[in-house]
Amino acid sequence: MSSAEQVARERERQALVGRRRLLPRVPARADRTLHRRRWPLSKTTVLHLGGRYNPKTLGRERLITEKAPLWWFTFLSLALVVPLLAGTDKMLTIASTFAIYASINLMWMLVMGTAGIFSLASLAITGIGAYATCWLTINADLPWPLMFPVGAVVGLFVGVIIAIPARRMDGMYYALLTLGIAEVCRAYALQAKWIGAQSQGSLSGGGGFIPEDIRFTQTGQRIGYAAAFVLLLAALAVYRAVNGQRLGLLLRASQKEDEAVSESMGIDFQRARLAVFLISSAGLGVIGAFYAGYFRAASLSLFGVDLLLLLFAMIVIGGLGRAEGAVIGTLLVTIVDRYFVDFGAKRFLFIGLLMLASVLFTRGGAFGLRDQWRELRARRRSQRRAARTSRHGAVSPEEAPEIADKAQIYQRRFDHNQRAHLKSLITDDLIAEHRRNPTGLHSEELERVMLYFRKAELAGKYCVYAVKPFAKYRIVALSGLPGVPPRVVDDRVYPTVDEAYHAVFLRRVNDLRSS
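Being a predicted model, the structure only gives us computed values, none of them experimental.

(A) Fine view of the packing of aromatic side chains. Across all of its chains, the model carries 14 aromatic pairs by this definition. For the ring pair Tyr339 and Phe340, a centre distance of 5.2 Å and an interplane angle of 85 degrees mean the geometry is edge-to-face. Site record: aromatic cluster; members linked through ring pairs are Trp144, Phe148, Phe209, Phe290, Tyr291, Tyr294 and Phe295. Lying across the ring of Tyr339, Lys90 places its NZ or CZ 4.6 Å from the centre.

Have a look at this one:
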């Protein structure tokens with residue numbers, strides 16, 4: 001039998017250790033240049049690739065270190081395809097509502113998360129944009145493609161007015177001020193007759209981008225959801241461009257320090273906050289215009305506190321500060337609120353319980369559960385490992401899949417067997433031999449034991465410290481870290497260096513026997 005056949009049979013008998021990874025590793029080739037694809041108008045790569053050496057094949061390979069883009073692509077693909085292909089009228093309506101609410105929450109997240117401004121006027125800016133564009137389509141025959149730039153201008157104008165007090169007020173006082181502005185807008189829309197308010201302050205009969213003849217058909221709802229999905233993609237792009245680029249980096253660096261410290265570092269803190277607030281206001285104005293074009297109306301509920309609190313619940317449940325949290329929280333709350341309408345007020349109690357559970361048991365909302373689960377799993381794994389293995393023990397079968405470099409398994413197995421053999425060599429005669437002659441020539445058994453002691457790791461290794469040469473010696477343990485002095489093992493002082501050497505030998509023997 002040839003050697004190649006023997007190797008092949010050995011490979012067939014080898015059992016797989018651990019689990020197979022879902023994502024395959026891409027072999028790295030030295031003769032080809034790796035081109036990193038980047039997002040448009042950004043220096044961020046599409047996929048974060050890293051390289052490593054495979055400990056089994058010793059080959060160079062590439063792996064995806066950040067899988068968030070893959071999850072985003074999968075989620076958005078399913079969110080687009082499933083409602084369009086298999087969605088009923090109710091599902092399409094819920095999906096469109098989810099896309100609109102998620103877009104509002106992403107812009108709101110820029111204000112509260114990135115800029116650090118606790119504003120409650122985001123929904124009011126959306127409502128003003130919706131009322132303005134809907135009124136123009138009714139009274140000025142504004143074409144629907146112009147609704148979006150007009151909504152952006154209106155949102156920017158309102159944002160400038162609301163942002164003026166933000167330079168002098170912050171925190172809860174500014175939140176109460178913006179909440180009062182939203183209530184003033186609601187009262188004005190309810191009572192002002194000159195804007196054409198109908199049906200208790202709502203505007204209806206405006207223009208829209210869905211043709212009137214198919215508006216209430218399933219085809220029209222599919223068109224509406226496709227447009228709402230495009231709006232969600234645009235909101236995600238704006239959030240990524242602001243939060244992940246220069247403005248977001250400056251504000252995150254500034255919020256960790258005092259404002260005066262940020263100014264001394266050359267960061268114009270107030271100007272960066274104002275820029276983010278105005279960008280989000282313009283985005284909210286565009287969303288308001290989309291709302292008016294989708295429903296061909298502007299509802300008074302856009303200024304209501306109930307919808308504002310519902311959107312706030314979405315952010316709390318999903319997690320503040322990340323786009324994933326805003327989208328996931330909006331999806332959960334929208335499904336509970338719109339799909340389970342038959343449950344009545346009970347669904348709001350369930351949303352309140354979700355908020356309470358998110359605050360009490362999570363650190364970053366629903367999206368932070370993955371990191372908490374990983375920390376808990378790692379802590380329990382380390383506890384189980386500490387319970388079943390010792391410092392110098394052999395690797396247990398349950399621990400082997402967790403070790404990436406399989407050479408460590410054989411190294412620990414060899415060390416375990418070697419220590420067991422050395423324990424059998426240590427006798428009273430061997431200890432007496434070392435006491436008589438700590439240095440110099442020794443027997444074969446004593447040489448084997450001392451060679452093993454000498455190759456021990458530097459951290460915690462015993463050594464002799466000369467307090468006074470030829471007079472006082474003590475035993476210390478090395479730290480193994482640069483700049484960290486050794487620690488004194490005990491207070492005993494030895495008059496000769498040979499006695500100190502033998503004391504170190506006895507300590508190492510005791511450690512060997514106790515392991």
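(B) Representation of the nonpolar core. Counting 82 residues, the largest nonpolar core has Leu106 and Leu236 as its most contacted members. Of the residues forming this core, the biggest block, 15 residues, is contributed by helix α3 (residues 89-114). When near neighbours in sequence (up to four residues on either side) are disregarded, Leu236 contacts Trp72, Leu76, Leu106, Ala323 and Val327. If you look at the next biggest cluster of nonpolar residues, it comprises 13 residues, including Leu425, Leu430, Phe505 and Val509.

(C) Summary view of unusual backbone geometry. Unlike most non-glycine residues, Arg296 shows phi in positive territory, near 55 degrees. Positive phi, close to 65 degrees, is recorded for Phe470, a residue that is not glycine. Relative to the assigned elements, Phe470 resides in the loop between β6 (462-468) and β7 (472-477).

(D) Layout of empty space enclosed by the protein. What the rule picks out here adds up to one cavity of 30 Å³ or more. Looking at the largest cavity, its volume works out to about 60 Å³. Looking at the largest cavity, the residues that line it are Ile117, Ala163, Ala166, Arg167, Gln270, Arg273, Leu274 and Phe277. Ranked by residues supplied to the lining of the largest cavity, first place goes to helix α10 (residues 269-295) with four residues.

(E) Up close: helix α18 (residues 497-514). The end-to-end C-alpha distance of α18 is 26 Å, a good match for the 26 Å that 18 residues give at a rise of 1.5 Å each. Along α18, the residues that are buried comprise Ala500, His502, Ala503, Val504, Phe505, Arg508, Val509 and Leu512. Buried residues belonging to α18 abut α15 (407-425), α16 (428-436), α17 (444-454), β6 and β7.

The rules we used
- Residues numbered from 1 in each chain as written.
- Predicted model: local features only at pLDDT ≥ 70, side-chain atom pairs only at ≥ 80, totals over all residues.
- Heavy atoms only, no water.
- Phe/Tyr/Trp six-rings, centres within 6.5 Å; stacked < 30°, edge-to-face > 60°.
- Lys NZ or Arg CZ within 6 Å of the ring centre and 35° of its normal.
- Core = buried A, V, L, I, M, F, W, Y, C linked by side-chain atoms within 4.5 Å.
- Buried < 20%, exposed > 50% of the residue type's maximum accessible area, 1.4 Å probe, protein only.
- Helix = DSSP H or I, 4+ residues; strand = E, 2+ residues; numbered from the N terminus.
- Contact = heavy atoms within 4.5 Å.
- 1 Å grid on protein atoms, 1.4 Å probe; cavity = no way out; pocket = protein on both sides within 12 Å on 5 of 7 lines; lining within 4 Å.
- Points joined across faces, edges and corners; volume = space filled by probe spheres on them.
- Expected span 1.5 Å × (residues − 1).

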